[in-house]
Amino acid sequence: VQRGSTTPWYTLIRRLESQHVRINRELTKKRPSRRHPEHFGRIRKVGLYAWFVIDTSGSMQVPQLSVVDPEIRGIHRRGAVLDVLHCDAKICKMERYTNTLRLNQFHGRGGTDFSPVFNKLHETPLRDRPAFVIYITDGYGGLEAYRAKLKENCGDTFYAERVGAKPQQCPDGVDILWLIPEGCMQVTEFQARIADFGRVIQLPAIEGSPAKEAK
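Residues numbered from 1 in each chain as written. Predicted model: local features only at pLDDT ≥ 70, side-chain atom pairs only at ≥ 80, totals over all residues. Heavy atoms only, no water.

Let us now look at the overall build of the chain. Tallying secondary structure elements over the chain gives 6 helices and 10 strands in all. Counting the 215 residues in the chain, one finds 45% classified as buried. Taking the contacts inside the chain whose residues are at least 6 apart along the sequence as the reference set, 65% of them involve residues at least 24 apart. When the accessible surface of the chain is summed, it comes to about 11,800 Å², and 48% of that surface belongs to carbon and sulfur atoms. (Helix = DSSP H or I, 4+ residues; strand = E, 2+ residues; numbered from the N terminus. Buried < 20%, exposed > 50% of the residue type's maximum accessible area, 1.4 Å probe, protein only. Contact = heavy atoms within 4.5 Å. Areas by Shrake-Rupley, 256 points an atom, 1.4 Å probe, with all protein chains shown as cover.)

Structure representation (structure tokens):
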């Protein structure tokens, strides 16, 4: 009973996808209505928008991204819209994920700060925010500027109240999944020192092995 549970990291990504996916039905000329051939039919389209954030600091290595790329590609193939953010101490690049994009080039390579991404999320109108954020990082960074912005805009107790009520989300109400590759910061240390919100997963060096989800 006291043994830590193990959940494959890719299962949690797909679980996030299934929780937030929305099915929209749109009119189309290519598929006439079965009830009346002269009317437009409807097609089902998946509605999902998410961010995938890459820590592009100098300590991050490219090989870990090759493990994540198939899962991100699968979400995109199933109809989701994804934006990839390259961030070290600032957001260096934000681009729309396509079939031709490969997660093997970094833009940045400076220091590490997680605040720029969450400050951008805080400033994004509710209707334009992503359903969830996946953040791959070695864990060595900070959120001080983000906490300061929330304190200034929302009050002294806002951060603690929101994290306490829904710890799997950031204070702005978006689900967060942190992926920390093996050999980097430990999950427990990251939760204690850096980020006390979101799910934190240790990303295995070898594809297919299980990763521990922090409680």
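Within the secondary structure layout, Leu 65 lies in helix H2 (residues 63–77). Once the C-alpha coordinates of Leu 65 and Ile 54 are considered, the two residues, 11 residues apart in sequence, prove to be 8.5 Å apart.

Relative to the assigned elements, Glu 71 resides in helix H2. For Glu 71, a relative accessible area of 10% corresponds to the buried category. Looking at Glu 71, its side chain comes within polar contact range of the side chain of Arg 14, at 3.0 Å. (Polar contact = N/O pair within 3.5 Å; in protein donor to acceptor, adjacent residues only side chain to side chain.)

Okay, helix H5 (residues 158–165) next. Listed as buried for H5 are Phe 158, Tyr 159 and Val 163. Along H5, the residues classed as buried sweep out an arc of 115° about the axis, all on the same side. Facing away from the buried surface of H5 by more than 90 degrees, the exposed residues are Ala 160, Glu 161, Gly 164 and Ala 165. Packed against the buried residues of H5 are helix H4 (144–154). (Arc of directions from axis to C-beta.)

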